[in-house]
Amino acid sequence: MASILDEYEDSQNNRQSSQQHSRLSPANIGLTHSGFVNVRLEEEKPIFNKQRIDFTPPEKINHLAVCSNQLCMSLGKDTLLRIDLAKPDQPNQTELGRKDDSKVHRLFLDPTGSHLLISLSTSECLYLNRNTQKVRSLSRWRGHLIESVGWNKLLGNETSTGPILVGTSQGVIFEAEISANEGGLFNTNPDQYFRQIHSLEEDGKPAPICCLEVERGPESKYFIIATTRKRLFQFVGKVAEGSEQQGFSAIFSQNQDLLPSFQEFPANMGYSEITFYTAKLRNVPKAFAWMMGNGVLYGQLDYVRPDSLLSDVQVWEYTPDVDITRNRPISIVLTQFHFLLLLHDRVKAICTLNGQVVHEDVFPDKFGALKRMIKDPVGGLVWIYTERAVFRYHIQRESRDVWQMYMSMNKFDLAKEYCRDRPECMDMVLAKEAEYCFQSKRYLESAKCYALTQNYFEEIALKFIEAKQEEALKEFLLRKLNNLKPSERTQVTLLVTWLVELYLNRLGQLESDGNGVIFQETREEFRSFLSSPKHRDCLFNNRGTMYDLLASHGNVDDMVYFSVVMRDYERVVSHHCQNDDYSAALDVLAKHCDERLFYKFSPVLMQNIPKSVVDAWIQMGKRLDPKKLIPALMNYSQMGSTQQINETIRYMEFCVYELNVTEEAIHNYLLSLYAKYRPDSLLLYLEQAGTHPSEIHYDLKYALRLCAEHGYLQACVLVYRIMELYEEAVDLALQVDVDLAKRCADLPDDDEELRKKLWLKIARHVVQEEKDVKKAMNCLSSCNLLKIEDILPFFPDFVTIDHFKEAICSSLEEYNKHIDDLKQEMEEATESAKRIREDIQEMRNKYGVVDSQEKCAVCDFPLLNRSFYLFLCGHMFHYDCLFQEVTPHLSAFKQSRLEELQKKLAATTQSSKSRHRQAPKEEGDASSLGKGGAGASREQIISDIDDIVASECAYCGELMIKSIDKPFIEPQKFEQEQSSWL
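Residues numbered from 1 in each chain as written. Predicted model: local features only at pLDDT ≥ 70, side-chain atom pairs only at ≥ 80, totals over all residues. Heavy atoms only, no water.

Examining the overall build of the chain
And then number 1: When helices and strands are tallied, the chain shows 34 helices and 32 strands.
And then number 2: Split into buried and exposed, the 982 residues of the chain put 44% on the buried side.
And then number 3: Counted over contacts in the chain with a minimum sequence separation of 6, partners at least 24 positions apart contribute 52%.
And then number 4: Carbon and sulfur atoms make up 49% of the accessible area of the chain, which totals about 53900 Å². (Helix = DSSP H or I, 4+ residues; strand = E, 2+ residues; numbered from the N terminus. Buried < 20%, exposed > 50% of the residue type's maximum accessible area, 1.4 Å probe, protein only. Contact = heavy atoms within 4.5 Å. Areas by Shrake-Rupley, 256 points an atom, 1.4 Å probe, with all protein chains shown as cover.)

With respect to the pairing of strand β10 (residues 146-150)
And then number 1: Among the five residues in β10, five count as buried, and that is most of the element.
And then number 2: Bridge count for β10 against strand β11 (residues 164-168) is four bridges, and the pairing is antiparallel. In the sheet register, Ser148 faces β11, and the bridge partner there is Gly167. (Pairing = 2+ DSSP bridges.)

Topic: a negative patch on the surface
And then number 1: On the surface, a cluster of negative charge is made up of Asp820, Asp821, Glu825, Glu827 and Glu828.
And then number 2: You can see Asp821 is positioned in helix α29 (residues 805-844).
And then number 3: For Asp821, a relative accessible area of 40% puts it in the partly exposed group. (Patch = residues over 30% accessible without salt bridge, like charges linked within 9 Å, V, L, I, M, F, W, Y side chains within 5 Å. Salt bridge = Lys/Arg side-chain N within 4 Å of Asp/Glu carboxyl O. Lys, Arg positive; Asp, Glu negative; His and termini not counted. Charge placed at Lys NZ, Arg CZ, Asp CG, Glu CD.)

Quick notes on the sheet that holds strand β24 (residues 331-334)
By definition, the strands of a sheet pair up through backbone hydrogen bonds, in either a parallel or an antiparallel sense.
And then number 1: Spatially, four strands are ordered β24-β25-β26-β27 in an open sheet, and the strand pairing comes out antiparallel. A strand with exactly one partner marks an edge of an open sheet, and here the two such strands are β24 and β27 (357-362). For this sheet the average axis-to-axis angle between neighbouring strands, irrespective of direction, equals 15°.
And then number 2: Note that β24 and strand β25 (residues 338-342) share four bridges and pair antiparallel. (Axes fitted to C-alpha atoms, helices over the stretch in contact; angles between N-to-C directions.)

Here we look at a nonpolar patch on the surface
And then number 1: Taken together, the side chains of Val858, Tyr955 and Met960 present a nonpolar region at the surface, about 210 Å² in accessible area.
And then number 2: With respect to the helices, strands and loops of the structure, Met960 is situated in helix α33 (residues 958-962).

Remarks on unusual backbone geometry
And then number 1: Not every positive phi belongs to a glycine, and Asp312 is a case in point at roughly 50°.
And then number 2: Its place among the elements puts Asp312 in strand β23 (residues 310-316).
And then number 3: The phi torsion at Arg397 lies on the positive side, around 45°, for a residue other than glycine.

Overview of the pairing of strand β4 (residues 79-84)
And then number 1: The buried count for β4 comes to five of six residues, which makes it a mostly enclosed element.
And then number 2: In the sheet, strand β3 (residues 70-75) pairs with β4 via six bridges, with the strands oriented antiparallel. Looking across to β4, one finds that Met73 is bridged to Leu81.
And then number 3: A loop of three residues connects β3 with β4, the two strands running antiparallel in sequence, and Gly76 in this loop sits at a positive phi of about 60°.

Section: the state of the cysteines
And then number 1: Tallying each qualifying case throughout the model produces zero disulfides.
And then number 2: Free of any disulfide, Cys72 has its nearest cysteine sulfur in Cys67, 9.8 Å distant.
And then number 3: Among the cysteines around Cys210, which has no disulfide bond, Cys211 carries the closest sulfur, lying 6.1 Å off. (Disulfide = S-S within 2.5 Å.)

What to know about the sheet that holds strand β18 (residues 231-238)
And then number 1: Ordered in space as β16-β17-β18-β19, the four strands form an open sheet in which the pairing is antiparallel. Two strands close off the open sheet at either side, each with one partner strand: β16 (211-216) and β19 (261-264). In this sheet, adjacent strand axes meet at a mean angle of 15° when their direction is disregarded.

What to know about the nonpolar core
And then number 1: With 71 residues, the main nonpolar core has Leu605, Trp617, Tyr651, Met652, Leu686 and Tyr698 as its most contacted residues.
And then number 2: Those residues within four positions of Tyr698 in sequence are excluded, and the remaining contacts are Glu664, His667, Asn668, Leu671, Tyr685, Leu686, Ala689, Ala703 and Ile722.
And then number 3: If you look at the next biggest cluster of nonpolar residues, it comprises 41 residues, including Ala434, Ala461, Ala472 and Leu550. (Core = buried A, V, L, I, M, F, W, Y, C linked by side-chain atoms within 4.5 Å.)

Structural notes on helix α12 (residues 543-552)
And then number 1: Turning to α12, its buried residues are Met546, Tyr547, Leu549 and Leu550. Taken down its axis, α12 places every buried residue within 160° of arc, on the same side. Within α12, the exposed residues directed more than 90 degrees away from the buried face are Asp548 and Ser552.
And then number 2: Tucked inside the fold, the buried residues of α12 contact α9 (489-513), α10 (516-530), α11 (536-541), α13 (556-565) and α14 (569-578).
And then number 3: Of the residues trailing α12, Gly554 is marked for its positive phi of about 65°. (Arc of directions from axis to C-beta.)

Notes on the packing of aromatic side chains
And then number 1: One pass over the structure, following the stated rule, counts 32 aromatic pairs.
And then number 2: Pairing Phe174 with Phe194 gives two aromatic rings, centres 4.4 Å apart and planes at 15°, and the pair type is stacked. Taken as a pair, Phe174 in strand β12 (residues 172-178) and Phe194 in strand β13 (residues 191-199) lie far apart in primary sequence, 20 residues in all.
And then number 3: With relative accessibility at 6%, the residue Phe174 sits in the buried group.
And then number 4: We classify Phe194 as buried; its relative accessible area is 13%.
And then number 5: Every member of this aromatic cluster is reached through a ring pair, and the members are Phe438, Tyr443, Tyr450, Phe457, Phe464, Phe476 and Trp498.
And then number 6: The positively charged end of Lys50 is found above the aromatic ring belonging to Phe363, 4.0 Å away from the centroid.
And then number 7: Geometry around Phe438 places Lys463 over its ring, the cationic atom sitting 4.4 Å from the centre. (Phe/Tyr/Trp six-rings, centres within 6.5 Å; stacked < 30°, edge-to-face > 60°. Lys NZ or Arg CZ within 6 Å of the ring centre and 35° of its normal.)

Notes on the packing of helix α19 (residues 642-658) against helix α20 (residues 664-677)
And then number 1: Relative orientation of the contacting elements α19 and α20 amounts to 140°, with a least axis distance of 10 Å. Relative to α20, the element α19 lies oblique. For the pair α19 and α20, the sense of crossing is left-handed. In this structure, α19 contributes Ile645, Thr648, Ile649, Met652, Glu653, Cys655, Val656 and Tyr657 to the contact, and α20 contributes Ile666, His667, Tyr669, Leu670, Leu673, Tyr674 and Tyr677.
And then number 2: Classifying every residue of the contact of α19 with α20 gives 12 nonpolar, two polar and one charged. (Parallel < 35°, antiparallel > 145°, perpendicular 65-115°, else oblique. Left-handed = near helix turned anticlockwise from the far one by under 90°. Nonpolar A, V, L, I, M, F, W, Y, C, P; charged D, E, K, R; others polar.)

Here we look at the confidence of the model for the chain
The predicted coordinates ought not to be read in detail in places where the model reports low pLDDT.
And then number 1: Averaged over the chain, the pLDDT score is 80; the fraction of residues at 70 or greater is 84%.
And then number 2: pLDDT under 50 marks residues 919-935. Its contacts with residues more than four places away, or in other chains, come to three contacts. (pLDDT = per-residue confidence, 0-100.)

So, the pattern of salt bridges
And then number 1: Across all of its chains, the model carries 41 salt bridges by this definition.
And then number 2: For Lys962, the salt bridge identified is with Glu958, shortest N-O distance 3.4 Å. In this pair, Lys962 and Glu958 are both assigned in helix α33, four residues apart and thus about one turn of the helix distant.
And then number 3: Taking relative accessible area as the criterion, Glu958 reaches 44% and is therefore assigned partly exposed.

Structural notes on the environment of Gln735
And then number 1: Examined against the element boundaries, Gln735 turns out to sit in the loop between α24 (726-733) and α25 (738-745).
And then number 2: According to the relative accessible area criterion, Gln735 is exposed, its value standing at 56%.
And then number 3: In the structure, Gln735 is positioned 22 residues away from Leu713 in sequence and 8.2 Å away in space, judged by C-alpha atoms.

Given below as structure tokens:
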């Protein structure tokens, strides 16, 4: 058998496609101009694309059924062909094995494609499972001509159908179940049971059950639809959870007492057919179409309605070329937006949205009359067969032109739903919707739609202006503005400026009309527009224009708000100050904490609300520079009220004591305020500021001049003390208080001469100015540097000795005591000198014994080979070894001194040798004297060298202790030493 391949018949497709395109062209439906240019690179394929299957049947095709990619075909009298469309090259042929004259009446294939029911004309029924080759007879079904089957989509599987409904030609509805498993010893039939549960009639007579459909809705509610030749019945009932396996008898028993809900039409063409459409990702159908004598009844399925499952029902009446007596329809298939009607020689596609025939496909006579049309509910393909050929329809992009139909019906939401991925179509829909709303005087909705189109901006704006619809124009501009990109600065600026003008006009109109509520709402909307982050850059760059617009309309409140939005707080504060609302101005300053504005507006605020301003300054703390506030403080402290002066002093004290400001200008200014307005605080401030010049932050000379100008002598004394001008301090203090002068005289601790001089000034003042001998005597007791003889010259000649007799006696006693102390010290010094001479003599006579085998502690060679040193600790060194050992540890000064001594020693030795060579042997006493002088100098040099090198043992002395943290090997010699060991 030939393979089933996908081949197409294109003889009529091109012609039909071009006709369909011309019929749906936008130019034919009167759409307004769109900014999109629709350029098609290739011609669109038709929605309904027919394909003839490359298959030549060996016998005539009687019936065909398709579901879940499983195709079953009845050929001739006794042959059944099954094809898995996923494996079309592996068909399966089965013989029914009938010897009588029975013919196949109908084929029924379940949704899984596993169970095939074969209804025979002899009122018998056969069963064939997909996984077997054996055709089995259903004995319980015998005697009933099966016209329809309602499959169980919930419980059906590959081995069992679950409870199903079966309709017969006598109008009886049976419930049955078929199992593919082999029965037991006593039950070999696949049909588990077969029982009657209902019957239907027409005009009081039994009528054949043409179609059955079972659907499960929400809340375990079941819907059963049954059709006869003229009637469509509905049965609705609930099945308890877990009891679905018990079947559908409960649903029919619930409707037993009530007449079944049905719709009836008068015409009768001997049969009817119902078809359903199930959307992707859904389990239940959403639409239906019923082909009957009067036409096609189609609509939606609403599982929520309590009275009827059918909703939005419409009847499509047959066209004149369809006659139920001579050219009646054979089959019907429902898709998402069309139903296909099969006639004996053609297929018609009718749109369910407008009832128009959108496609008609005529089949050639060579294939014979069309027998039936079937749709695979799972795969979605439509199959048509004749006695000698099989055709397949591919439905492609069925919804691509639906938007135009919805648009012509003014169902714009649905139209937009079906052209979301086609911007040019979306633009046409929006333009049509905008125009429709405009004509309906729904201007705001029209503006919203126009803003989304690509129509000319000027045309739309003029339409609203001519219609005097400012609100709609504003809405249109707002929407357009939101759709602009940030890079389109010119357009953004234009729209923003226009909108501001519209808002201001509207606010002015509402204010003049006295409509307070709408005015407030519009103002809030306007302010929201001004504060929008999206427009901030544009408003900021054009704020001068905005200020001009606001000023031209006299809208001061919104201008202030705009200034706040733009963070132009200087303008806001200036506005408040001009209106004498200083508190509001200060609130703005305090809220935004702009130091520059504080410096600028503090003078005028300090003049009017000094306390609040100082509170704000204190709140700002270190963020403000007090130096920059001094001009405002000085200006109003000189010409202001007492409150301003007090607040100025309060802020200066805060800066000095809380912020610890060290700026000299601040301290000087505070000094001047104290000197002028609070003299009591001046001395306290000077005392707390410190007594050492390094601790002082004010200018001492300025403070001294300030205190002197105002006559604050005690403060001047304090400043003199800090400046260490003690003589001036004492001189000035004597004008105030002698005790203060005494405290000043005791200050120079390290200069007794100056102290004595200062005390002498005090004594002279007491004697000569106050003429108080007793006080003068007290001066002697207060200062131990003064003696009675120092102050005697100050007394007048007529003063008798009786006034200071005690002082003279006391002075004499002190002198005697001092003489005794000096004698004691002289005796102790004489005794100490005697002991030192004895120690020196003892050291000269001390000696040590050196063995001939003793070795140098450094070089380990015999010690007696050359000059050496012997230390009390027992260490012995050669002269040169000790020299080398000690020299690296000496300070730089001692090393240079040692080099100098060595040079002198070498020079002395050389001169001594030269004199020995030049002097004759009989040289006299003069040469002996010269030699002795040179030897004495050489011995002194050697002694100096010994003092440096041999002052202590190199291993036991201080040099060894200081070298404890030095490495054994110098860092610069480490690598050399390391390599020598390798």
